[in-house]
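Read off the chains here:
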Amino acid sequence: IKKVVQHRPVDPLAFMAQELREMNKDFKLEKAMKEAAAVKIQQRARGISSRQRVGGIKEQKEKEKAAAKIQSIGRKNRDKDKVEHIKRLNMVWLRETYRKLDKDTKDAVPHSSVLALVSGDKEGIAQLGLPARITRMVPPKYSGQYKKIRAALTSESTPDREISWVEFAKMFGLTQAQAESAEKEAAAVRIQAIGRGKRDK
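Keep in mind it's a predicted model, so treat the numbers as computed, not measured.

## Considerations on the packing of aromatic side chains
So, point 1. The tally for this structure, following the rule as stated, stands at 7 aromatic pairs.
So, point 2. A ring pair is formed by Tyr-98 and Trp-165, whose centres lie 5.6 Å apart and whose planes are at 55°; its orientation type is tilted. Of this pair, Tyr-98 sits in helix 2 (residues 12-101) while Trp-165 sits in helix 8 (residues 165-171), placing them 67 residues apart in sequence. No difference in accessibility class separates Tyr-98 from Trp-165, as the two residues are buried.
So, point 3. Through successive ring pairs, a cluster of aromatic residues spans Trp-93, Tyr-98, Tyr-142, Tyr-146, Trp-165, Phe-168 and Phe-172.

This is the structure:
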């Protein structure tokens, strides 16, 4: 109306209609611009959300990978400890077997006794007087070597000789250092067993 008063057109109604059309165009343009801006904001928000989601998935995968690695290391350490434990038990068994064969505790076991042990002959083994825990719990690692040791002992020309602990251990694949270690381990096990026996009483 102000514009009609200012411009005083010949046809006020036509003038007002034209002004309304112009205003409507401006309104539509503003609306379109707002909608376009809203779309851009939504796209940016989706992009940020998507990046955050991808980043979260990546972080989760990295955590899972790290956890799997820690578990793998743990399993390897447990397996290694288990192997070492079995190895020590086997060495203790070997040392205790020799100790039982060495009845006079002179670090000298008759050749014939060692041959009887690895012969597989039940009567011969029974005559050695070994405890059942030794004859029934032969580690597969050592029983698998009986045949080779038996063949070596049988071929010797001095069957009346005596065998020391270190030589006995070497027959089963131990080094001198391992033989000495087995002796200490077996002694520790005996001390523990004596301690348990006293506590039980």
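Having put the structure on the table, let's press on.
## Re the nonpolar core
Inside soluble globular proteins, nonpolar side chains tend to come together where they are buried.
So, point 1. If you look at the biggest cluster of nonpolar residues, it comprises 26 residues, and the most contacted ones within it are Leu-94, Trp-165, Phe-168 and Phe-172.
So, point 2. When residues in this core are grouped by element, the largest group, 5 residues, is from helix 2.
So, point 3. Beyond its immediate sequence surroundings of up to four residues, Trp-165 is in contact with Leu-94, Arg-95, Tyr-98, Asp-107, Ala-179, Ala-182 and Glu-183.

## A look at the pattern of salt bridges
So, point 1. With the rule as written, the count across this model stands at 5 salt bridges.
So, point 2. Of the charged contacts in the structure, one is a salt bridge between Glu-156 and Arg-161, with a shortest N-O distance of 2.9 Å.
So, point 3. The class for Glu-156 is partly exposed, based on a relative accessible area of 25%.
So, point 4. The exposure class of Arg-161 is partly exposed, given its relative accessible area of 22%.

## Digging into the packing of helix 3 (residues 111-119) against helix 7 (residues 146-154)
So, point 1. At their nearest, the axes of helix 3 and helix 7 sit 9 Å apart, and the two run at 145° to each other. In terms of crossing hand, the pair formed by helix 3 and helix 7 is left-handed. Where helix 3 approaches helix 7, its residues His-111, Val-114, Leu-115, Leu-117, Val-118 and Ser-119 are matched on the opposing element by Tyr-146, Ile-149, Arg-150, Leu-153 and Thr-154.
So, point 2. Residues that form the contact of helix 3 with helix 7 fall into these classes: 7 nonpolar, 3 polar and 1 charged.

What counts, and where the lines are drawn
- Residues numbered from 1 in each chain as written.
- Predicted model: local features only at pLDDT ≥ 70, side-chain atom pairs only at ≥ 80, totals over all residues.
- Heavy atoms only, no water.
- Phe/Tyr/Trp six-rings, centres within 6.5 Å; stacked < 30°, edge-to-face > 60°.
- Helix = DSSP H or I, 4+ residues; strand = E, 2+ residues; numbered from the N terminus.
- Buried < 20%, exposed > 50% of the residue type's maximum accessible area, 1.4 Å probe, protein only.
- Core = buried A, V, L, I, M, F, W, Y, C linked by side-chain atoms within 4.5 Å.
- Contact = heavy atoms within 4.5 Å.
- Salt bridge = Lys/Arg side-chain N within 4 Å of Asp/Glu carboxyl O.
- Axes fitted to C-alpha atoms, helices over the stretch in contact; angles between N-to-C directions.
- Left-handed = near helix turned anticlockwise from the far one by under 90°.
- Nonpolar A, V, L, I, M, F, W, Y, C, P; charged D, E, K, R; others polar.

Shape descriptors only; they carry no functional weight alone.
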